[in-house]
Amino acid sequence: MTAPALPQHRVALVGRLRSFGSATALQWAGPSGLHTMAYAALADRVDERRRALGETPRLVLLEAANDVESVVTLLAALAGGHPVIVTAPGESGLVEAYDPDVLARGPMLEARRPGSAHALHPDLALLLSTSGSTGSPKLVRLSASNLDCNAGQIADALELRADDVATTTLPLQYSYGLSVLLSHLSVGASVLLTDLSVVDTCFWDAFTAAGGTTLAGVPYTFDLLDAVGFASMPLPRLRLLTQAGGRMDPADVRRWAELGEDRGFELAVMYGQTEATARMATLPTHLAASHPSSIGFAVRGGHLRIEPVDGAAPGVGELIYEGGNVMMGYAQSPADLVRGAQTEDLRTGDLARVDADGLVEIVGRLSRFAKVCGLRIDLDRVEGDLAADGHTAYVMDGDDRLLVALVHASQPQISAVQRQVSERYAVPRASVVVGPVDEIPRTGSGKVDRPGLASQVRLRAPDGHASAAEGPARVSVWGTKSGVQVEEVRRLYADLLDRPDATDEDSFVSLRGDSLSYVEMSVRLEGLLGTLPTSWHVRSVADLAALHGASPATSARHRRIPSWLRGRVLETSVVLRALAIALIVLTHAGVLEVRGGAHVLLAVAGYAFARFQLSDAERSDRVAHILESITRIALPSAVWIGVIVVIDERFSWWNAALLTSVGGGAGHIQWRYWFVEALVHLLAGLAVLLCVPAIDRLERARPFAFPLGLALAGLVFRFGLVGVGSHHENGRPAMVLWLFALGWAMARADRTWQRVLLTAYVAVAVPGFFGTPSRELVIAAGLLTLLWVRSICVPAFLVPVLVPLASASLFIYLVQFEVMGRAGYSLLGAVVSVATGWIAWRGASPIIEPCARWIGATVSGRLRAPAPSAPAESGRGLS
């Protein structure tokens, strides 16, 4: 089928899509893995949507997300000669200001009229906000030739290739993010579409699976990359990092360039503005380490010059840019959409100089704009908005943060203004520093002394605002890290783990947290700091505090959702633990008949074992940590079962000693607590194994192969090659070793091939385990969910239900039979059992925790102590 002829005034790169044929254009992650779309298929989709938009040019407003439908609509509008306003979802202000003819959201096109209500210039292709996602009616008018020109300039400057794979680390309504898409499509490269943050493990899973080669970021993105341990990530195809969207500290530029030399990728520092379509200059990658404060040279076909400015230092002036990517001009209202090109030279508003090597360096700003996390914010507009809200405020640029001086402000007003500015301008709250001032400093001419006012804000901002604004891993003007956040996180650790000795350098694992305390800690931390990285449990208190504000700002649409309906992200292991214990109790109560939850919990226990007990600490600490976990399980279990032995003659002291499998319990009821016994035996066996130095070293050297080997060894018992006993066979420790080891291996599986291998293992090991297909289906579903789904978004109102269930799961398991025996095997009995278990957990924890820590400290000390025959001066122990 021949595609319809394209209009004369359109973006040429869109017309070339079909020429790349079967090459992969777009990729995106879905529930079943990575999906792809070839260029030919993308061209078909674009043609189809272009026809839906019609032949008459119309003004389109696209509420863009980083997804396929948004890309298709954008390209269709550009191909069909329809000027398109690209904005974030929920920006109703631009709809009111510009009255678009078509509203586009996802795959939907809402035609508000058959033709157009506007006179549109034939060259006009794209309209972007000058201030990121602020909703300002002032838009940049870009032509089709602007887009084609800059896409080619960027592809040339970065030497983009057809085998490159980029990812959408930035939103499409941001000129930098849009240029990543268009520049890669212009050369037949591939783009991975995702809205995930770089702090999300799923982002890196998708990036690796897609074969990512280029990664773009603003300075704040690089702070987040530091926070998630980017330096040690295995990214075999990564060849290029690009940085723009604001000035990055020269020391950081040099550090990232040197890291690239070690890891095999390059760093390209770029400079741009929306008014120049995207980027105007780039620093050659080989000069990044030697000239880290420079923006380099103008892109191909562009020219930079410096125009003298009164009062500036010698050689310093305003940076002016000329080139085919310079905008047509601004639009303040629909009446401006008919105007042609009105701009030849772009006055950047930046002060710059040229160094001895001919490289351009930015040294300051002329204009009243600030760049915060890559967004260009109009400071006068912020002041005007605050004045309209009844505040007397002055706003200054604080080098990647906003400094707000609030006159005669109370503490509630300070907090309210910080939240208001953060939400309105879509910047992290930690990037807004609000300080109270009593008098406004003035210059000799009577003007507001803004530098002096900025200094006052930095010095007088209340604790928790100024320090937080320094962002991840930065040092504040006081020379300390973000004090209040650090103290709040440390205090949370001290309270929940009963560790008043916790320091800023401690982590959840180093403080001997385990799966029982993990659930509540993760939820409380998420409430304090925002979305947590998967590796939070091994990060120090100070590092977690530095992540404050790392989560993207909440969209206007999201804020309209009632708080109790908003999604909360919980780790899959937490959700599985809660669901499993609920199904176990409801099944035993006769309310449901869904079996298999306990065996899923064994895999979850193995998963938690790998994450919490197998830290990088020395061997003595590892073994001590395992014994602490055994104590937290065995002590309350032995006490509870011991009481039952006294009152119920059907039980024996073998049960209380958790040695039913040794004492040969014959009655079915004596195996009631098989799960606890199996878990304790498995943990004890592993503690003994890891006492052996060679085994400890092997596990550290082969963190995935070691548990996989145990899981394979467990199949010897699973398939009956070695007998384990006839009664309650599937609950004996040896028989369920394969499940525990499988969960352990799942926690270590960070590559797609490893997860595929474990999926095959599940397919072999689960069928026939019970001979009951429904039960085996439950187990397989739980295992595969734990393997492939790292986190689950649940409605906020379910969190207060899931968290207590998961946290108290051991105690609920212990008390359920006795409670339901008295309250009745019914839904009411199940609810009473859960409540009783939760109360028991809360009451017993203050007693159990000191016992567990004493045992851990004693064992650790003994393992560290030198052998009696060793010379006293050697100081060597078993570790």
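Numbering of residues starts from 1 in every chain and runs along the sequence as written. This being a predicted model, a pLDDT of at least 70 is required before a residue's local features are given, and a value of 80 or more before pairs of side-chain atoms are given or counted; all residues contribute to the totals for chains, interfaces and linings. The basis for every side-chain value is the complete set of non-hydrogen atoms in the structure, without hydrogens or water.

A. Local environment of the confidence of the model for the protein. Predicted confidence across the protein gives a mean pLDDT of 83, with 85% of residues reaching 70 or more. Scored below 50 in pLDDT, residues 1-6 shows nine contacts in the model against residues more than four places distant or in partner chains. Values of pLDDT, ranging from 0 to 100, describe the predictor's confidence in every residue of the model. Residue contacts follow a heavy-atom distance rule, with two residues in contact if any of their heavy atoms lie within 4.5 Å. Contacts for the low-pLDDT stretch residues 866-879, under 50 throughout, to residues beyond four places or in other chains number 14 contacts.

B. Structural context of helix 17 (residues 572-588). Helical segments are the DSSP runs of H or I of at least four residues, strand segments are the runs of E of at least two, and each set is numbered from the N terminus. Multiply 1.5 Å by the residue count of a helix minus one, and that product is the helix's expected span. Between the first and last C-alpha of helix 17 there are 24 Å, a value that for 17 residues agrees with the 24 Å anticipated at 1.5 Å per step. Summary of the burial criterion: residues with accessible area below 20% of their type's maximum are buried, those above 50% are exposed, and those between are partly exposed, where the area comes from a 1.4 Å probe applied to protein chains only. Burial analysis of helix 17 places 12 of its 17 residues in the buried class, the great majority of the element. Every buried residue belonging to helix 17 is among Thr572, Ser573, Val574, Val575, Leu576, Arg577, Ala578, Ala580, Ile581, Ile584, Val585 and Thr587, and all of these are buried. Downstream of helix 17 by one or two residues, Gly590 has phi in the positive range, about 80 degrees.

C. Region of the structure containing a nonpolar patch on the surface. Among the surface-exposed residues, Leu635, Val639, Val643, Val646, Ile647 and Trp653 lie close enough to one another that they form a single nonpolar patch of about 600 Å² accessible area. Residue placement: Trp653 occurs in helix 20 (residues 653-656). Since its relative accessible area comes to 56%, Trp653 is described here as exposed. Within the patch definition used here, like charges are joined within 9 Å and nonpolar side chains (Val, Leu, Ile, Met, Phe, Trp, Tyr) within 5 Å, considering only residues with over 30% relative accessible area and no salt bridge. For every accessible area listed, the method is Shrake-Rupley and the probe measures 1.4 Å; residues are considered covered only by the protein chains on display. Counted as salt bridges are all cases of a side-chain nitrogen of Lys or Arg within 4 Å of a carboxyl oxygen of Asp or Glu.

D. Summary view of unusual backbone geometry. With a phi angle near 55 degrees, Glu159 is a residue other than glycine that sits in the positive phi range. Among the secondary structure elements, Glu159 is positioned in the loop between helix 5 (144-158) and strand 9 (165-167). A relative accessible area of 60% places Glu159 in the exposed class. A positive phi angle, close to 50 degrees, is found at His408, a residue other than glycine. Structurally, the position occupied by His408 is in the loop between strand 24 (402-407) and helix 11 (411-424).

E. Broad picture of the environment of Met396. Of note, Met396 is situated in strand 23 (residues 393-397). Met396 gets classed as buried once you look at its relative accessible area, which sits at 5%. Measuring from C-alpha to C-alpha, the distance between Met396 and Val457 comes to 9.6 Å, with 61 residues separating the pair along the chain.

F. Representation of the sheet that holds strand 12 (residues 240-243) within the structure. Taken in spatial order, the five strands make up an open sheet running 11-12-13-14-15, and their pairing is mixed. In this open sheet, the two edge strands, each paired with only one partner strand, are strand 11 (214-217) and strand 15 (297-298). When DSSP finds two or more bridges between a pair of strands, those strands are recorded as paired. In this sheet, strand 13 (residues 266-272) lies alongside strand 12 in parallel orientation, the contact comprising four bridges. Following the sheet pairing, Leu240 is matched in strand 13 by Glu266.

G. Spotlight on helix 3 (residues 68-79). Between its terminal C-alpha atoms helix 3 stretches 16 Å, which fits the 16 Å expected from 12 residues at 1.5 Å a residue. With 12 of its 12 residues buried, helix 3 lies for the most part within the structure. What helix 3 keeps buried is the set Val68, Glu69, Ser70, Val71, Val72, Thr73, Leu74, Leu75, Ala76, Ala77, Leu78 and Ala79. Just downstream of helix 3, Gly81 is the residue with a positive phi angle, here 75 degrees.

H. Inspection of the pairing of strand 8 (residues 139-143) at higher detail. Within strand 8, five of the five residues are buried, which leaves it mostly tucked inside the rest of the structure. By the alternation rule, side chains of strand 8 split into Leu139, Arg141 and Ser143 and Val140 and Leu142, which are all buried. In terms of strand pairing, strand 8 meets strand 18 (residues 329-331) through three bridges, oriented antiparallel. Its bridge partner lying in strand 18, Arg141 is registered against Gly329.

I. Region of interest: the environment of Thr759. Within the secondary structure, Thr759 sits in helix 26 (residues 752-765). Using a relative accessible area of 24% as the deciding quantity, one classes Thr759 as partly exposed. For the pair formed by Thr759 and Leu783, sequence separation is 24 residues and the distance between their alpha carbons is 8.7 Å. Setting aside residues up to four positions removed in sequence, Thr759 forms contacts with Leu784, Leu787 and Trp788.

J. Geometry of the packing of aromatic side chains. Geometry of aromatic contacts follows a simple scheme: Phe, Tyr and Trp rings, the Trp one being its six-membered ring, pair when their centres are within 6.5 Å, and the pair is stacked under 30 degrees between planes, edge-to-face over 60, tilted otherwise. The full count for this structure, using the stated rule, is 20 aromatic pairs. Centre to centre, the rings of Phe203 and Phe207 are 6.2 Å apart; their planes meet at 10 degrees, and the pair counts as stacked. Pair noted here: Phe203 and Phe207 are both in helix 7 (residues 201-210), with a separation of four residues, about one helical turn. Taking the relative accessible area as the measure of exposure, Phe203 reaches 1% and is therefore buried. When the centroid spacing of 6.0 Å and the interplanar angle of 70 degrees are considered together, the rings of Phe230 and Phe265 count as edge-to-face.

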